[in-house]
Amino acid sequence: MKRFIFLISIIITLCSCERNEIEINNNSIIGEWKLVQIDQYVMNPSGAKLSTTDYSSKNVIYNFQKNNLLKVSGGENFGYSNGEYPYEFKKDYLSGFPSPEETKINLVIINDSKWVF
């Protein structure tokens, strides 16, 4: 189980974005978001280390639409290339398996990858 959680922690990356247009309400992310930075856990011999990539000077836009379609534009980035992707926004367990120690959090799921919101 620890190996699985470790694997998940390597795969999962955290996306920080600025909201351009619409306020978040009622657990919705619909609207345009500018990618500001990506935080990613990288494994090294001494353990996992947080690595941050700054995108604040680039104009990468994530446009979450009402029909559960994400449109990415503005340039290449670690997350997703320009194009369209199906997404789901929901409150769920990051690990995928409920446990007494884990609580549900807001997640954006794009192509089976979970992103912390």
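1. Describing the packing of aromatic side chains
So, step 1. One pass over the full model with this rule turns up three aromatic pairs.
So, step 2. Ring geometry for Y80 against Y85: centres 5.0 Å apart, planes inclined by 55°, an arrangement best described as tilted. Just as Y80 is buried, Y85 falls in that class too.
So, step 3. Taking the centre distance of 5.8 Å and the plane angle of 55° together, the rings of Y80 and W115 count as tilted. Taken together, the residues span a long stretch of sequence, with Y80 in the loop between β5 (69–73) and β6 (83–92) and W115 in strand β8 (residues 113–116) at a distance of 35 residues.
So, step 4. Taking the relative accessible area as the measure of exposure, W115 reaches 9% and is therefore buried.

2. Here's the deal with unusual backbone geometry
So, step 1. Phi is positive for N68, close to 60°, though the residue is something other than glycine.
So, step 2. Along the polypeptide, N68 turns up in the loop between β4 (61–64) and β5.
So, step 3. Taking the relative accessible area as the measure of exposure, N68 reaches 40% and is therefore partly exposed.
So, step 4. You will see that N111, though not glycine, has its phi angle at about 50°, which is positive.
So, step 5. Mapped onto the elements, N111 comes out in the loop between β7 (105–110) and β8.
So, step 6. The exposure class of N111 is partly exposed, given its relative accessible area of 45%.

3. Brief notes about the pairing of β6
Regular strands place side chains that alternate from one sheet face to the opposite one.
So, step 1. Across four bridges, β5 lies against β6 in antiparallel orientation. Considered in β6, the bridge of K71 is made with E84.
So, step 2. As paired strands, β6 and β7 are joined by six bridges and run antiparallel to one another. For K91, the partnering residue across the bridge sits in β7 and is N106.

4. Observations concerning the pairing of β7
So, step 1. Alignment of β7 against β8, held across four bridges, turns out to be antiparallel. Its bridge partner lying in β8, V108 is registered against W115.
So, step 2. Connecting the antiparallel pair β7 and β8 is a turn made up of two residues, with N111 showing a positive phi of about 50°.

5. Overview of the side chain of S95
So, step 1. Along the chain, the position of S95 falls in the loop between β6 and β7.
So, step 2. Under the relative-accessibility criterion, S95 is labelled buried at 13%.

6. Description of the side chain of D92
So, step 1. Looking at the secondary structure, you find D92 in strand β6.
So, step 2. Take D92: its relative accessible area is 19%, and that puts it in the buried class.
So, step 3. For D92, the side chain forms a polar contact with the side chain of K90, separated by 3.4 Å.
So, step 4. Discounting chain neighbours no more than four positions away, the residues touching D92 are T103, K104, I105 and L107.

What counts, and where the lines are drawn
Residues numbered from 1 in each chain as written. Predicted model: local features only at pLDDT ≥ 70, side-chain atom pairs only at ≥ 80, totals over all residues. Heavy atoms only, no water. Phe/Tyr/Trp six-rings, centres within 6.5 Å; stacked < 30°, edge-to-face > 60°. Buried < 20%, exposed > 50% of the residue type's maximum accessible area, 1.4 Å probe, protein only. Helix = DSSP H or I, 4+ residues; strand = E, 2+ residues; numbered from the N terminus. Pairing = 2+ DSSP bridges. Polar contact = N/O pair within 3.5 Å; in protein donor to acceptor, adjacent residues only side chain to side chain. Contact = heavy atoms within 4.5 Å.

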